[in-house]
Amino acid sequence: MAVTTFEGDFVSGDGKYAIVVGRFNAFVVESLLEGAMDALTRHGVKEENIRVIRVPGAFEIPLAVQRVAAQKQDDAIIALGAVIRGGTPHFEYVSGESSKGVLQVSMEHNLPVANGILTVNSIEQAIERSGTKMGNKGAEAALSALEMVSLLRKLEV
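Everything numeric here is computed off the predicted structure, so don't read it as measured data. (Residues numbered from 1 in each chain as written. Predicted model: local features only at pLDDT ≥ 70, side-chain atom pairs only at ≥ 80, totals over all residues. Heavy atoms only, no water.)

What follows covers the environment of Val 52. The residue Val 52 is located in strand E2 (residues 50-55) in this model. What makes Val 52 partly exposed here is its relative accessible area of 38%. Sequence separation between Val 52 and Val 29 is 23 residues; the distance between their C-alpha atoms is 13 Å. Those residues in contact with Val 52 that lie beyond four places of it in its chain are Ile 19, Val 21, Leu 33 and Met 37. (Helix = DSSP H or I, 4+ residues; strand = E, 2+ residues; numbered from the N terminus. Buried < 20%, exposed > 50% of the residue type's maximum accessible area, 1.4 Å probe, protein only. Contact = heavy atoms within 4.5 Å.)

So this is what it looks like as structure tokens:
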């Protein structure tokens, strides 16, 4: 008996995507947005099929993702932000709740929500993950969204 395997790919650029972007730590987050936009358009997504929604910071991302998902206009949502550890427990609360919130929206709406919210210990780590030696996590989140849209289409009944 042969095993049937389903996998997504990156060739179906006909979807619609929303990118929810936290403005806090903009020096890093804008590079994540550039990476996500580049990944989507390189894989055939037209710019008119991409919406960018800006919020104050990572803590506000889940609510905006929830509202965007409820509109049922997009095939996937990409969440981008940066939480950099400081000297207080604030880091743990913001990073944990933002990650939990975007996952919850994904499950509630049966919609891919790619988590591109950086949670790092230093500014150097944030810069490394926004386009230098550790790659661009915004581009990686966009690729994840593309692949999940493709996979879910293949799994439709």
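The space that makes up the largest pocket amounts to roughly 260 Å³. Surrounding the largest pocket, 16 residues form its lining, Phe 24, Asn 25, Val 83, His 90 and Val 94 being those nearest its centre. Broken down by secondary-structure element, the contributors of at least two residues to the lining of the largest pocket are strand E3 (76-84) and helix H3 (90-109). Taken as a whole, the second largest pocket holds about 230 Å³ of empty space. When the residues that make up the lining of the second largest pocket are grouped by side-chain class, the tally is four nonpolar, one polar and four charged. (1 Å grid on protein atoms, 1.4 Å probe; cavity = no way out; pocket = protein on both sides within 12 Å on 5 of 7 lines; lining within 4 Å. Points joined across faces, edges and corners; volume = space filled by probe spheres on them. Nonpolar A, V, L, I, M, F, W, Y, C, P; charged D, E, K, R; others polar.)

The terminal C-alpha atoms of H3 lie 29 Å apart, and with 20 residues this matches the ideal 28 Å at 1.5 Å per residue to within 8%. Within H3 the residues assigned to the buried category are Phe 91, Val 94, Ser 95, Ser 98, Gly 101, Val 102, Val 105 and Ser 106. For H3, the angular spread of buried residues about the axis comes to 135°, placing them on one side. The outward face of H3, more than 90 degrees from its buried face, is lined by the exposed residues Tyr 93, Leu 103 and Met 107. Contacts made by the buried residues of H3 are with helix H2 (61-71), E3 and strand E4 (113-120). (Expected span 1.5 Å × (residues − 1). Arc of directions from axis to C-beta.)

None of this, on its own, says anything about what the molecule does.
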